[in-house]
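Next come the chains, spelled out residue by residue.
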Amino acid sequence: MAILQRSDAPNRHRAEPTVLTALRTPRILTREVLAGLVVALALIPEAISFSIIAGVDPRLGLFSSFVMAVSIAFLGGRPAMITAATGAVALVIAPVAREYGMDYFIATVILAGLFQLVLGVLGVAKLMRFIPRSVMVGFVNALAILIFSAQLPHLIGVPWLVYPLVAAGILIMVVMPRLTKVVPAPLVAIVLITATVILTAINVPTVGDEGELPESLPELLIPNVPLTWETFTIIAPYALAMALVGLLESLMTAKLVDDITDTGSGKTREALGQGAANVLSGLFGGMGGCAMIGQTMINVKASGARTRISTFLAGVFLLILVVALGDIVAIIPMAALVAVMVMVSVATFDWHSVRWSTLRRMPKSETTVMVATVVVVVVTHNLAIGVIVGVLVAMVAFARRVAHFATVTRTVLDDAPVPTVHYTVEGELFFASSNDLTTQFDYAADPERVVIDMSGSHIWDASTVAALDAITTKYERHGTRVVIEGMNEASTRLHERLAGKLGAGH
């Protein structure tokens, strides 16, 4: 007999290879180390850019990325997923730094982490099962578009030599995996493009042009804010928004990596890990963040990483690169990193979902959900809002579809001792399908006795009980006696508890 385990069962979450396996296998360890290095290089300009969006010093974004990557490597539920400073989080809490200053900003990050810990304990991660596949596809496609569009500022109004460098980087990443996969293709592209720029003395934008790199290690920082209810009311709305956006993006990313690697992950542990990482980020003066899908795709898809080692080393390499080797990192041309991100966006997009053959076979409601998710994400530049809208559209489409499954059949019983009409109600009865239920009965023409057979249906909510009350009341006004029979046990309990107490028909 097959035994179904809960999605959070620990033995489902051991992704292969394990950390111990990787440490004992030079080939796997090399892959993990190099993947971490590639991600660290890609994190630097992103973290700086997100710091600018949040209106804070670039060092906050870099320190946040280091603290979160290292801490989530130990605390998170999804191996090989990258967590760092992100644009979505930066947009949510930017007003705090602008209107109230840095101390309130840091306090907001810490409170957001505490909110995530509470939400993790409450089991909010289990709600992921209610996100339909069409929303996931829309999420992935929108993400690919956002990753690509984020590179456009680095491709517009720049020296013309940037374009052949980007093209060369893309070509290297296309050809390299066919020759060898020992060294990640993105790392080879970054090294070769950087060497070309240095040797030819080409003047193109570099990482150093994005912002100032820190020269010291992060230090423990306690925000100087009054511990009062007023402070809480100021920062709590931003902190809660940050917590929800961060959790949603992180859990969606974890699910995506699960699908790519054919392994499971602990979503509740991931939620708790994100909360702890944000608290630690705030205590070290960071701006907080969540899972980064672009960098996670570099790590998992482009570089082939599978363990926590790559996540941990991404954070370690990031700190080493910006603090100890800042002068070297500063000369890396942005063209090399843009080429990496363009390839990531192409690999991330679900091309199968937009083929004509797929669109022709797919139900229109599914396609509508996917398109709605993509459009909202691209317009708002917020993955969380897009997913929420996508889920709402999917719910409406599902409710409309299921609403048509309820049917009412009228039969006149000629052989009954008393003139009787028998109605058979079939289908799932809830607010969408039960609203029309009252219109399916012939109140004026029916005889003195009506039997409503519910054996082929199920009552799901108070709306249906109210509809049955309304039907009974209308028949009573015509002097007709109504008998409701055949309810299953659950429907009977709900009906007995609510019947006559909802004010229907009065």
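Preceding this section is the structure that the text describes.
An account of the accompanying structure is given in this report. Since the model is a prediction, treat every value here as computed from it, not as a measurement.

**A word on the sheet that holds strand β4 (residues 420–429)**
Consideration 1: The four strands are arranged β3-β4-β5-β6 in an open sheet whose pairing can be described as mixed. Looking along the sheet, the strands with just one partner apiece sit at the ends: β3 (407–413) and β6 (481–485). Geometrically, the sheet is characterised by an average inter-axis angle of 20 degrees between neighbouring strands, direction not taken into account.
Consideration 2: With seven bridges joining them, β3 and β4 adopt antiparallel strand pairing. Opposite arginine 410, over in β4, you have tyrosine 423 as the bridge partner.

**Some points on the nonpolar core**
The nonpolar side chains of soluble globular proteins are, as a tendency, buried together.
Consideration 1: Ranked by size, the top nonpolar core spans 113 residues in total, and within it Ile44, Phe105 and Ile131 carry the most contacts.
Consideration 2: Not counting the four nearest positions on each side in its chain, isoleucine 131 is found in contact with Met136, Leu248, Met252, Val387 and Val391.
Consideration 3: If you look at the next biggest cluster of nonpolar residues, it comprises 19 residues, including Ile452, Met454, Tyr475 and Leu494.

**So, the layout of surface pockets**
Consideration 1: Its volume calculated, the largest pocket comes out at about 700 Å³.
Consideration 2: In this structure, the largest pocket is lined by 31 residues; those nearest its centre are Glu46, Phe50, Gly87, Leu146 and Ala150.
Consideration 3: Every element with two or more residues in the lining of the largest pocket is listed here: α2 (26–54), α4 (87–100), α6 (133–149), α11 (293–302) and α14 (334–348).
Consideration 4: At six residues, the largest contribution of residues to the lining of the largest pocket is made by α2.
Consideration 5: Split into classes, the residues belonging to the lining of the largest pocket amount to 18 nonpolar, ten polar and three charged.

**Describing the pairing of strand β5 (residues 449–459)**
Consideration 1: In terms of residue burial, β5 counts as a mostly covered element, since eight of its eleven residues are buried.
Consideration 2: Note: β4 against β5, nine bridges, orientation parallel. Its bridge partner being in β5, leucine 429 is matched across the sheet by isoleucine 459.
Consideration 3: Looking at chain direction, β5 and β6 are connected through five bridges and run parallel. In the sheet register, valine 451 faces β6, and the bridge partner there is valine 483.

**Observations concerning the pattern of salt bridges**
Consideration 1: A full pass over the atoms with the stated rule returns five salt bridges.
Consideration 2: Across the pair arginine 78 and aspartate 258 runs a salt bridge whose closest N-O atoms are separated by 2.6 Å. Of the two residues, arginine 78 sits in the loop between α3 (58–75) and β1 (83–84) while aspartate 258 sits in helix α9 (residues 229–261), which places them 180 residues apart along the sequence.
Consideration 3: Assessed through its relative accessible area of 9%, aspartate 258 is described here as buried.
Consideration 4: Several salt bridges converge on common partners, so that one network encompasses Arg78, Asp258 and Lys267.

**Section: a nonpolar patch on the surface**
Consideration 1: Together, Phe74, Leu75, Leu220, Ile222, Leu280 and Phe284 line one region of the surface with nonpolar side chains, adding up to about 580 Å² of accessible area.
Consideration 2: Relative to the assigned elements, phenylalanine 284 resides in the loop between α10 (267–283) and β2 (290–291).
Consideration 3: Classification of phenylalanine 284 by relative accessible area gives partly exposed; the value is 30%.

Procedures and definitions
Residues numbered from 1 in each chain as written. Predicted model: local features only at pLDDT ≥ 70, side-chain atom pairs only at ≥ 80, totals over all residues. Heavy atoms only, no water. Pairing = 2+ DSSP bridges. Helix = DSSP H or I, 4+ residues; strand = E, 2+ residues; numbered from the N terminus. Axes fitted to C-alpha atoms, helices over the stretch in contact; angles between N-to-C directions. Core = buried A, V, L, I, M, F, W, Y, C linked by side-chain atoms within 4.5 Å. Buried < 20%, exposed > 50% of the residue type's maximum accessible area, 1.4 Å probe, protein only. Contact = heavy atoms within 4.5 Å. 1 Å grid on protein atoms, 1.4 Å probe; cavity = no way out; pocket = protein on both sides within 12 Å on 5 of 7 lines; lining within 4 Å. Points joined across faces, edges and corners; volume = space filled by probe spheres on them. Nonpolar A, V, L, I, M, F, W, Y, C, P; charged D, E, K, R; others polar. Salt bridge = Lys/Arg side-chain N within 4 Å of Asp/Glu carboxyl O. Patch = residues over 30% accessible without salt bridge, like charges linked within 9 Å, V, L, I, M, F, W, Y side chains within 5 Å. Areas by Shrake-Rupley, 256 points an atom, 1.4 Å probe, with all protein chains shown as cover.

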